[in-house]
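# Structural description and commentary
Chain by chain, the residues:
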Amino acid sequence: LLLDTQLSAEQSEYLTMLKNCTEALLTLVNDILDFSKIEAGKINLDAIEFKLPESLRDTLRPLSFRASEKGLELARSVPPGVPEYLIGDPGRLRQIILNVVGNAIKFTAKGKVAVQVDVDSQGEDHVLLHFAVRDTGIGIPPEKQQIIFDPFRQVDGSTTRRYGGTGLGLAISSQLVRLMGGRIWVESVLGQGSTFHFTARFGLGRY
C-alpha cells in the first residue's frame, strides 16, 4: 500500500528492497514448513474436481509477468487429447509448476520457457499426465542433474548467492510428485538449456 503512495525515488527503492526481502523470507519459511510436513508424513492431498486449462493459465499468469520483465517468452500447450476436468489437488500441482517454471525463468537470460502437458497413459477413471518444462537457460552439468532434487542442494555454492532460493523447491516438488503417483527428472545440456519432466496421476472428472 505504501508503494502506491507518492514517494521519492530513494524511498521507493528502499521499500522495493524491503518488499523483496520479505517475500524471500516468506518463501524460505513456507519451504521449510512444507518440507518438514513432508518429512513427517503430514501432507495430505485433496481430491477435488478442477479444470486443468484454467488452473494452468491462472498458475502461469504471475510467472508471465516475471518472464516479460526479463524479455522471455512463456508459452503453454495443452493438446485437445488431454482431459479437461480432473480430480486431484490443484493447489499442490500449482506448487510444483510454480517451483519448476519459476526455476526455468530464474536461470534463463534470453529465449523462452515452454510448458507442455501430454497424456502418458489413461484408464477408465484415471489419467497419468506428463508435464514438460523446457527452457533455453544455463543448463546443468550431467554430474549435477540428480543432486538438484536433494534438500538444500543446488548446482554449486554460487547459485544461491547469484540467483537466490533455498535449495528446497525441487526437493519439495519431487516429494509432491511422488505423492501424486508420478516421478520427476531432468534432461539438460550445459549452456543450451534444460527440460524438466514430471508425471502425476489424477482421477477423471465428470465432463
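See above for the structure.
The following paragraphs examine the structure supplied in this document. Everything numeric here is computed off the predicted structure, so don't read it as measured data.

## So, the nonpolar core
In summary, soluble globular proteins display a tendency toward joint burial of nonpolar side chains. Counting 43 residues, the largest nonpolar core has L74, L93, V101, L129 and F202 as the members making the most contacts within it. Put simply, the parts of the chain that give this core at least two residues each are helix 1 (9-39), helix 2 (52-69), helix 3 (90-106), strand 4 (112-122), strand 5 (126-135), helix 5 (169-179), strand 6 (184-189) and strand 7 (193-204). Here this core gets 7 residues from one element, more than from any other, and that element is helix 3. In contact with F202, not counting residues within four places along its chain, are F50, L86, I87, G88, L93, D125, H126, V127, L129 and F131.

## Side note on the pairing of strand 7
The buried fraction of strand 7 is high, at 10 of 12 residues. Sheet topology places strand 3 (residues 85-88) next to strand 7; 2 bridges connect them, and they run antiparallel. Its bridge partner being in strand 7, L86 is matched across the sheet by L204. Relative to strand 7, strand 6 runs antiparallel, the two sharing 6 bridges. Following the sheet pairing, I184 is matched in strand 7 by F198. Between strand 6 and strand 7, which pair antiparallel one after the other, the connecting turn spans 3 residues, and G191 there sits at a positive phi close to 85 degrees.

## Considerations on the packing of aromatic side chains
Tallying each qualifying case throughout the model produces 3 aromatic pairs. Aromatic pair F50 and F202: ring centres 6.0 Å apart, planes at 75 degrees, arrangement edge-to-face. Here F50 is found in strand 1 (residues 48-51), whereas its partner F202 is found in strand 7, with 152 residues between them in sequence. Its relative accessible area of 2% is what places F202 among the buried residues. A ring pair is formed by F131 and F198, whose centres lie 4.6 Å apart and whose planes are at 5 degrees; its orientation type is stacked. Residue F131 is located in strand 5, and its partner F198 is located in strand 7; the two are separated by 67 residues in the primary sequence. Of the two residues examined, F131 and F198, each falls in the buried class. The side chain of R183 reaches across the aromatic face of W185, ending 3.8 Å from its centre.

## Some thoughts on the side chain of N103
Tracing the sequence through the fold places N103 in helix 3. Overall, the relative accessible area of 19% leaves N103 in the buried class. With near-sequence residues (within four places) excluded, N103 lies in contact with L98 and L170.

## Description of helix 3
Under the 1.5 Å per step criterion, the end-to-end length of helix 3 is 23 Å for 17 residues, consistent within 8% with the ideal 24 Å. Along helix 3, 13 of the 17 residues are buried, which leaves the element largely enclosed by surrounding structure. For helix 3, the N-terminal capping position is held by D89, with its side-chain oxygen 3.1 Å away from the main-chain nitrogen of G91.

Thresholds, definitions, all that
Every residue gets a number counted from 1 within its own chain, in the order that chain's sequence is written. Local features are withheld for residues below a pLDDT of 70 in this predicted model, meaning they are given only at 70 or higher, and side-chain atom pairs are given and counted only at 80 or more; totals for whole chains, interfaces and linings count all residues. Water and hydrogen atoms were dropped before computing side-chain values, which therefore reflect all heavy atoms in the structure. Take the buried residues of types Ala, Val, Leu, Ile, Met, Phe, Trp, Tyr and Cys, join any two whose side-chain atoms come within 4.5 Å, and each joined set is a nonpolar core. With a 1.4 Å probe rolled over the protein chains alone, any residue whose accessible area is under 20% of its type maximum counts as buried; one over 50% counts as exposed, and the rest are partly exposed. Labels follow the DSSP assignment, with helices taken as runs of H or I lasting at least four residues and strands as runs of E lasting at least two, numbered in each case from the N terminus. Contacts are residue-level and defined by heavy atoms, with any inter-residue pair within 4.5 Å sufficient. Any two strands with at least two DSSP-identified bridges between them are counted as paired. Only centres within 6.5 Å qualify two rings of Phe, Tyr or Trp (six-membered ring in Trp) as a pair; their planes then separate them into stacked at under 30 degrees, edge-to-face at over 60, and tilted for everything else. Each ring is checked for a lysine NZ or an arginine CZ that lies within 6 Å of its centre and within 35 degrees of its normal; such an atom marks a charge sitting over the ring. What a helix is expected to span follows from its residue count: subtract one and scale by 1.5 Å. Identification of polar contacts relies on pairs of N or O atoms within 3.5 Å, with a donor-acceptor requirement for protein atoms, meaning one able to donate a hydrogen and the other able to accept it, and with residues adjacent in sequence counted only if both atoms are side-chain atoms.

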